[in-house]
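Results of the structural survey
What follows is the residue order along each chain.
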Amino acid sequence: MNTLTALLGTTHPLIQAPMAGAQGAALAIAVSNAGGLGSLPGAMLTPEALRTELATLSGGTQRPWNVNFFCHTPPVPDAAHEARWREALAPFYAEAGLDMAAVPAGAGRVPFSHAVADVIEPFRPPVVSFHFGLPAPDLLARVKGWGSVVLSSATTVNEARWLAAHGADAVIAQGLEAGGHRGHFLSHDLSAQMGTLALLPQVAASVDVPVIAAGGIANAAGVAAAMALGAAGVQVGTAYLCSVEATTSALHRAALHSEAARHTALTNVFTGRPARGIVNRAMRELGPMSLAAPAFPLATAAMAPLRAHFEAQGCSDFSPLWAGQNTSGCHSLPAADITRQLTQGFVCTL
Ligand SMILES: Cc1cc2nc3c(=O)[nH]c(=O)nc-3n(C[C@H](O)[C@H](O)[C@H](O)COP(=O)(O)O)c2cc1C
């Protein structure tokens with residue numbers, strides 16, 4: 001046992017990263033039953049879908065599990081900014097024969113709230129993790145009050161210190177290699193962020209809570225390296241994307257297995273917030289970082305019809321192909337097998 005397994009109640013200090021849009025309860029159940037901490041991403045689920053997934057998850061394993069939410073401040077819609085974004089997308093709409101006027105408004109991702117807490121409270125989640133900081137103190141107190149262990153991601157030493165001081169029971173040090181959205185919340189300056197190898201030991205030296213390494217860990221050697229650098233455990237996302245239980249689309253899986261996966265970048269063109277994905281046409285021609293993209297998550301609405309149009313033709317040019325820099329662990333295997341391989345990295349370190 002180490003500090004993280006003692007905190008989480010798992011056999012291994014391994015967390016399967018919550019991956020909104022790429023998985024549901026099935027992956028979390030498989031990983032929890034294999035001795036890691038399976039995670040359910042809640043950020044994109046309606047209250048009804050969240051309730052259903054939580055019922056499946058809590059009924060599918062006797063082991064601890066995690067449910068994850070975003071903590072962003074909802075943006076104030078800005079008509080001029082939205083108009084600039086639509087202007088940037090207009091040539092692609094014309095090419096696809098789509099009608100910009102038909103774009104539905106809508107956020108797509110809502111932050112954690114008391115209404116969401118009402119849905120999850122009956123399930124008493126063993127662990128709740130957050131991205132983009134922590135919820136407001138009263139809401140955090142409510143989650144901790146029913147006994148959930150609370151985790152959140154830090155992309156800098158400052159953020160790690162802030163999370164530890166504001167109630168996180170453990171901190172996820174998210175290196176720049178990581179797939180999906182950057183978890184930053186104190187500073188939006190990407191130049192302040194570091195790779196896992198640099199971030200992890202500095203965070204470990206700066207906080208008293210257990211530190212979980214995330215970003216670029218794809219096999220047992222990566223796990224062992226993180227533990228050698230002071231991690232109490234690891235959080236792995238990309239290596240689970242091609243697992244049998246993930247809901248990753250066929251187009252996304254094909255990209256992960258292609259040469260294109262060697263080139264990922266941070267982009268805001270899909271949601272309005274920097275996230276790492278495999279470089280595709282939308283990223284090349286609109287960004288990868290675009291000043292025209294409205295604030296998170298407002299960029300999503302006008303991109304969605306383009307994504308749907310091109311995906312219907314078997315093309316992922318306008319799809320967010322979220323992936324970390326290290327896709328070498330993306331095997332089409334049951335998640336339990338991937339978990340077993342990763343946990344070999346703990347053998348000498350615990
Ligand atoms: C497809 C995908 C979706 C993600 N979605 C979320 C999410 O919903 N919530 C979250 O906290 N982190 C999310 N992440 C980030 C992970 O928590 C984690 O930082 C990252 O996967 C670790 O790096 P790796 O992908 O190199 O293993 C996502 C990552 C990927 C690859």
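Everything here concerns the structure above.
Here goes a summary of the coordinates provided. Just so it is clear, the structure is predicted and the values come from calculations on it, not from any experiment. (Residues numbered from 1 in each chain as written. Predicted model: local features only at pLDDT ≥ 70, side-chain atom pairs only at ≥ 80, totals over all residues. Heavy atoms only, no water.)

**Some remarks on helix H2 (residues 25-33)**
Among the nine residues that make up H2, seven are buried, leaving the element largely enclosed by the rest of the structure. Buried residues of H2: Ala-25, Leu-27, Ala-28, Ile-29, Ala-30, Val-31 and Ser-32, and no others. If you follow the buried residues of H2, they end up packed against strand S1 (14-16), strand S2 (38-41), helix H3 (47-60), strand S3 (65-70) and helix H13 (335-343). Just beyond H2, the residue with positive phi is Gly-35, at close to 100°. (Buried < 20%, exposed > 50% of the residue type's maximum accessible area, 1.4 Å probe, protein only. Helix = DSSP H or I, 4+ residues; strand = E, 2+ residues; numbered from the N terminus. Contact = heavy atoms within 4.5 Å.)

**Some points on the layout of surface pockets**
The calculated volume of the second largest pocket comes to roughly 300 Å³. As for the second largest pocket, its lining consists of 16 residues, of which His-72, His-184, His-188, Arg-273 and Phe-296 are closest to the centre. Residue composition of the lining of the second largest pocket, grouped by class: nine nonpolar, six polar and one charged. (1 Å grid on protein atoms, 1.4 Å probe; cavity = no way out; pocket = protein on both sides within 12 Å on 5 of 7 lines; lining within 4 Å. Points joined across faces, edges and corners; volume = space filled by probe spheres on them. Nonpolar A, V, L, I, M, F, W, Y, C, P; charged D, E, K, R; others polar.)

**Brief notes about the sheet that holds strand S9 (residues 233-236)**
Strand order in the open sheet made by the eight strands is S1-S9-S8-S6-S5-S4-S3-S2, with parallel pairing throughout. The sheet is open, and its two borders are formed by S1 and S2, each paired with just one other strand. Between one strand axis and the next, the sheet turns by 25° as a mean value, whatever way the strands run. Pairing geometry for S2 and S3, over four bridges, is parallel. Directly across from Leu-40, in S3, lies its bridge partner Val-67. Set on the sheet, helix H8 (residues 196-204) makes contact with strand S5 (149-154), strand S6 (170-174) and strand S8 (211-214); between it and S8 the angle comes to about 175°. (Pairing = 2+ DSSP bridges. Axes fitted to C-alpha atoms, helices over the stretch in contact; angles between N-to-C directions.)

**Considerations on the sheet that holds strand S7 (residues 180-181)**
Neighbouring strands of a sheet are bound in pairs by backbone hydrogen bonds; such pairs are parallel or else antiparallel. Reading across the sheet, the three strands line up as S7-S11-S10 and stay open at both edges, with antiparallel pairing between neighbours. The outermost strands of the open sheet, each flanked by one partner alone, are S7 and strand S10 (264-267). Pairing between S7 and strand S11 (residues 275-278): two bridges, direction antiparallel. Counted as the bridge partner of Gly-180 is Arg-276 from S11.

**Focus on unusual backbone geometry**
Where the residue is not glycine, phi is negative for most of them; where a peptide bond is considered, it is trans in most cases. A cis geometry characterises the amide bond from Gly-287 onward to Pro-288, with omega recorded as 10°. Note on placement: Pro-288 falls in the loop between helix H11 (281-286) and helix H12 (299-312). Each neighbour pair has its own omega, and for Phe-296 with Pro-297 the value is 0°, a cis peptide bond. With respect to the helices, strands and loops of the structure, Pro-297 is situated in the loop between H11 and H12. At Arg-124, a residue that is not glycine, the phi angle is positive and equals roughly 40°.

**Describing the side chain of Arg-182**
Residue placement: Arg-182 occurs in the loop between S7 and H8. The side chain of Arg-182 sits in the buried core without any salt bridge; Glu-177 is the nearest counter-charge, 6.7 Å away. There is a polar contact of 2.6 Å between the side chain of Arg-182 and the side chain of Gln-193. The residues contacting Arg-182, other than those within four sequence positions of it, are His-131, Phe-132, Thr-155, Gln-174, Gly-175, Leu-176, Leu-190, Gln-193, Leu-266, Arg-273, Pro-274 and Ala-275. (Lys, Arg positive; Asp, Glu negative; His and termini not counted. Salt bridge = Lys/Arg side-chain N within 4 Å of Asp/Glu carboxyl O. Polar contact = N/O pair within 3.5 Å; in protein donor to acceptor, adjacent residues only side chain to side chain.)

**Topic: the environment of Val-149**
With respect to the helices, strands and loops of the structure, Val-149 is situated in strand S5. Among all residues touching Val-149, those that are not within four sequence positions of it are Leu-7, Leu-8, Pro-126, Val-127, Val-128 and Asp-169.

**Some details on helix H6 (residues 137-145)**
Turning to H6, its buried residues are Leu-139, Leu-140 and Val-143. Down the axis, H6 shows its buried residues gathered within 100° of arc, on one side only. Seen from the buried face of H6, the exposed residues on the opposite side, beyond 90 degrees, are Pro-137 and Gly-145. Against the buried residues of H6 lie helix H5 (114-120), strand S4 (127-131) and S5. (Arc of directions from axis to C-beta.)

**Concerning the pattern of salt bridges**
The full count for this structure, using the stated rule, is nine salt bridges. Across the pair Glu-311 and Arg-307 runs a salt bridge whose closest N-O atoms are separated by 2.9 Å. Note that Glu-311 and Arg-307 are positioned in helix H12 at a spacing of four residues, about one turn of the helix. Among the charged side chains, a salt-bridge network with shared partners connects Glu-95, Arg-281 and Glu-285.

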